[in-house]
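Structural description and commentary
The lines below spell out each chain.
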Amino acid sequence: MTFKELDLIDPILRALEAEGYTQPTPIQEQSIPILLKKRDLLGCAQTGTGKTAAFSIPIIQHLHAEVDPKQKRQIRSLIVTPTRELALQIDESIKTYAKFTQLKSTVIFGGVKQLSQTKALQQGVDILVATPGRLLDLIAQGFISLKHIKYFVLDEADQMLDMGFIHDIKKILAKLPERRQSLFFSATMAPAIIELSNQILGNPEKVTIQPKQTTAEKVDQSVYMVSKDDKVKLLVHLINEKEAASTLVFSRTKHGANKIVKKLAQAGIEAEAIHGNKSQNIRVKALNGFKEGRIKVLVATDIAARGIDVEELSLVINYDLPNVPETYVHRIGRTGRAKASGEAISFCDAEERAYLRDIQKLIKQDIPLVEDQPFHDTSKEEKPAKKENNNRNSRPKNSRSRKQQPSSTYGNHS
Ligand code: AMP
């Protein structure tokens, strides 16, 4: 299948060619025909699948056809996404795909002064990419009207709910015209997500792109059993040994991310942290440094990492295992993108073995264990709770409560 066969207009085909895209990705192949027919879409897919192009190309094609040079530009398409990084990245992609059209897009997000954003809005835009808070803020101040929206995208809905944006989303929905095309994307489809999608979409077509394809086929996964105290040493060892062009290290907490960067610096390894407590400028600078290869090691929390899109990301290290198994799939999906194959290494300490079992259950495979490493922790089992601490429950403190109890081995997911 080629992009031409998808009936795309010449300005878009030229832009895709200039980007070096030769073939649509599966989500593009499936979604573009649906969206060109102006049907609503429920997309189950994560970042890294080519999702942004899948939704923005048809929107650009519609808007381009409908442009009236005699009329003042109105915001006719709204894309709402949870994080600044994602918003910036989507806007950048739209500018790329629309560069041979007359369409204008802009991006707004919180945490920075609004002046440059309101100036851009006043000059007139066709496509607005926004995070929920700043969007509502600028609507309240009269800088934005959603009256003319014809194409609405809610991106990363699961992350939106996790971040507590549900009320903001409902406020935004209330301001949208009834007649519109709506697109809804989420990496996971929990009942709360489906319920939200029902409020937004009218009889949608559904497209599901299994994240498993990325994990099973493209990413070389392994797990290292290591005690909590040895994690930094193992990280230093692996960074030095692997000499990867770029390494993304995941930490469960912001504080943890800062600590890892500090420890790496003590070992002579330069790294940067990105997370919600860092200012927007610092985050963008770190991210650009990472993308351009000046920063080889980036330490991120899950939310901050959602927007990371690095072509040559070769190594992902889960310094902490996520307590939500789907997050593992998101994380390792950062590597092994369209062209490259990647490697994902997970550290697992005694307290995290229940998480590992949950992940293996989800991805329906055992992650190969690397025993031949200097910090291999041979303690086979989660320690009885009273030996380690006085907690009755041996799961980590911030674990989500789960119905199933951890079983006694970590190697078997079934
Ligand atoms: P996304 O899932 O939208 O974050 O896209 C992931 C990455 O894939 C981005 O770097 C895109 O530029 C790239 N990409 C999207 N579509 C294609 C394609 N058809 N061929 C090659 N790369 C693509």
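Report on the accompanying structure. Residue positions within a chain follow its written sequence, with the count starting from 1. Under the rules for a predicted model, residues below a pLDDT of 70 receive no local features and side-chain atom pairs below 80 are neither given nor counted, while totals for whole chains, interfaces and linings still include all residues. Excluding hydrogens and water, the side-chain figures rest on all heavy atoms present in the structure.

**Observations concerning the sheet that holds strand S5 (residues 151-154)**
Backbone hydrogen bonds hold the strands of a sheet together, and the pairing may be parallel or antiparallel. Stated formally: Each pair of strands is called paired provided DSSP finds at least two bridges between the two strands. To qualify as a helix, a DSSP run of H or I must reach at least 4 residues; to qualify as a strand, a run of E must reach at least 2; elements of each kind are numbered from the N terminus. Axis definition: a line fitted to C-alpha atoms, over the contacting stretch in the case of helices. Angles run 0 to 180 degrees between N-to-C directions.
Ordered by their spatial adjacency, 7 strands build an open sheet running S3-S4-S2-S5-S6-S1-S7, and the pairing between neighbours is parallel. Among the strands making up the open sheet, the edge pair consists of strand S3 (105-108) and strand S7 (205-208). The average angle at which neighbouring strand axes cross in this sheet is 15 degrees, direction not considered. Looking at chain direction, strand S2 (residues 77-80) and S5 are connected through 4 bridges and run parallel. Across the sheet, Leu78 pairs through a bridge with Phe152, a residue of S5.

**Quick notes on the pattern of salt bridges**
Threshold: A pairing counts as a salt bridge when a side-chain nitrogen of Lys or Arg comes within 4 Å of a carboxyl oxygen of Asp or Glu. A 1.4 Å probe rolled over the protein chains alone gives each residue an accessible area, and that area as a share of the maximum for its type sets the label: buried under 20%, exposed over 50%, partly exposed in between.
Under the counting rule described, the total for this entry stands at 21 salt bridges. A salt bridge links Lys51 to Asp155; the nearest nitrogen and oxygen atoms lie 2.6 Å apart. Linking Lys51 in helix H3 (residues 51-66) with Asp155 in the loop between S5 and helix H7 (157-162), this pair joins segments that are 104 residues apart in sequence. Judged by relative accessible area, which is 1%, Asp155 ranks as buried. As a salt-bridge pair, Asp377 and Arg353 come within 3.9 Å of each other at their nearest N and O atoms. Of this pair, Asp377 sits in the loop between helix H16 (353-363) and helix H17 (385-388) while Arg353 sits in helix H16; the two residues are 24 residues apart in sequence, bridging distant segments of the chain. Arg353 carries the same exposure label as Asp377, and that label is buried.

**Description of the site of the ligand**
To keep it simple, the criterion reads: Proximity is defined per residue: any heavy atom of the residue falling within 4 Å of a molecule or strand makes that residue near it. Under this definition, polar contacts are N or O atom pairs within 3.5 Å; protein pairs additionally need one hydrogen-donor-capable and one acceptor-capable atom, and for neighbouring residues in sequence, both atoms have to be side-chain atoms. Each accessible area is a Shrake-Rupley estimate made with a 1.4 Å probe; only the visible protein chains count as cover when residues are assessed. Any residue that is not Ala, Val, Leu, Ile, Met, Phe, Trp, Tyr, Cys, Pro, Asp, Glu, Lys or Arg is counted as polar, Gly included; the first ten are nonpolar and the last four charged. Boundaries between domains were set according to an automatic or database domain assignment.
Around the ligand sit 15 residues, and of these Tyr21, Gln28, Gly48, Gly50 and Thr52 come closest. Between the ligand and Thr49 there is a distance of 3.0 Å, counted from an oxygen atom to a backbone nitrogen or oxygen. For the ligand, the protein covers 88% of the area, taking 490 Å² as the surface of the free molecule. Per-class residue counts for the shell around the ligand are 3 nonpolar, 8 polar and 4 charged. Both domains that furnish three or more residues to the shell around the ligand are identified here as domain 1 (3-208) and domain 2 (212-391).

**Let's talk about the pairing of strand S4 (residues 127-130)**
Using the following cut-off: A crossover gets the label right-handed when its path from the first strand over the helix to the second runs clockwise, viewed with the strands pointing away from the viewer.
The alternating pattern of S4 places Ile127 and Val129 on one face and Leu128 and Ala130 on the opposite face, and all of these are buried. Alignment of S2 against S4, held across 4 bridges, turns out to be parallel. For Ser77, the partnering residue across the bridge sits in S4 and is Ile127. The pairing of S3 with S4 spans 4 bridges and is parallel. Residue pairing in the sheet places Thr106 in a bridge with Leu128 of S4. For the segment spanning S3, helix H5 (residues 115-122) and S4, crossover handedness is right-handed.

**Observations concerning the nonpolar core**
Heads up, the rule is: Only buried residues count toward a nonpolar core. Its members are Ala, Val, Leu, Ile, Met, Phe, Trp, Tyr and Cys residues joined through side-chain atoms within 4.5 Å. It only takes one pair of heavy atoms within 4.5 Å for two residues to be counted as in contact.
Leu8, Ile57, Ile60 and Ile79 are the most contacted members of the largest nonpolar core, which totals 36 residues. When residues of this core are traced back to their parent elements, those giving at least two are helix H1 (10-19), helix H2 (26-36), H3, helix H4 (84-97), S4, S5 and strand S6 (181-186). With 7 residues, the top contributor of residues to this core is H3. Setting aside anything within four residues of it in sequence, one finds Ile60 in contact with Ile12, Ile94, Tyr97, Ala98, Thr101, Leu103 and Ile127. In terms of nonpolar packing, the next biggest core, distinct from the first, is built from 30 residues, Ile75, Leu78, Leu121 and Phe165 among them.

**Description of the environment of Asp158**
Inspection of the secondary structure assignment puts Asp158 in helix H7. Looking at Asp158, the relative accessible area reads 6%, which means it is buried. Remark: the alpha-carbon pair of Asp158 and Met189, spanning 31 residues in sequence, is separated by 7.6 Å. For Asp158, the side chain forms a polar contact with the main-chain nitrogen of Ala187, separated by 3.5 Å.

**With respect to unusual backbone geometry**
Of note, the phi angle at Lys38 is positive, near 65 degrees, even though the residue is not glycine. Among the secondary structure elements, Lys38 is positioned in the loop between H2 and strand S1 (41-44). For Lys38, a relative accessible area of 41% puts it in the partly exposed group. Phi at Glu156 is positive, roughly 50 degrees, even though this residue is not glycine. For Glu156, the position within the fold is in the loop between S5 and H7. Judged by its relative accessible area of 2%, Glu156 is buried.

**Here we look at H2**
Within H2, burial applies to Ile27, Gln28, Ser31, Ile32, Ile34 and Leu35. Among the residues trailing H2, Lys38 stands out with phi positive, at a value near 65 degrees.

**Some points on the packing of aromatic side chains**
This is how it is decided: Centres within 6.5 Å are what make two rings of Phe, Tyr or Trp a pair, Trp counting through its six-membered ring; a difference in plane orientation under 30 degrees is then read as stacked, over 60 as edge-to-face, and the rest as tilted. To sit over a ring, a charge needs its Lys NZ or Arg CZ within 6 Å of the ring centre and within 35 degrees of the ring normal.
A full pass over the atoms with the stated rule returns 3 aromatic pairs. Plain terms: the ring middles of Tyr319 and Phe347 are 5.8 Å apart, the flat faces sit at 50 degrees to each other, and that makes the pair tilted. Linking Tyr319 in the loop between strand S12 (315-318) and helix H15 (325-332) with Phe347 in strand S13 (residues 342-348), this pair joins segments that are 28 residues apart in sequence. Both residues of the pair, Tyr319 and Phe347, count as buried. Lying over the aromatic face of Tyr319, Lys231 brings its terminal NZ or CZ to 5.5 Å of the ring centre.

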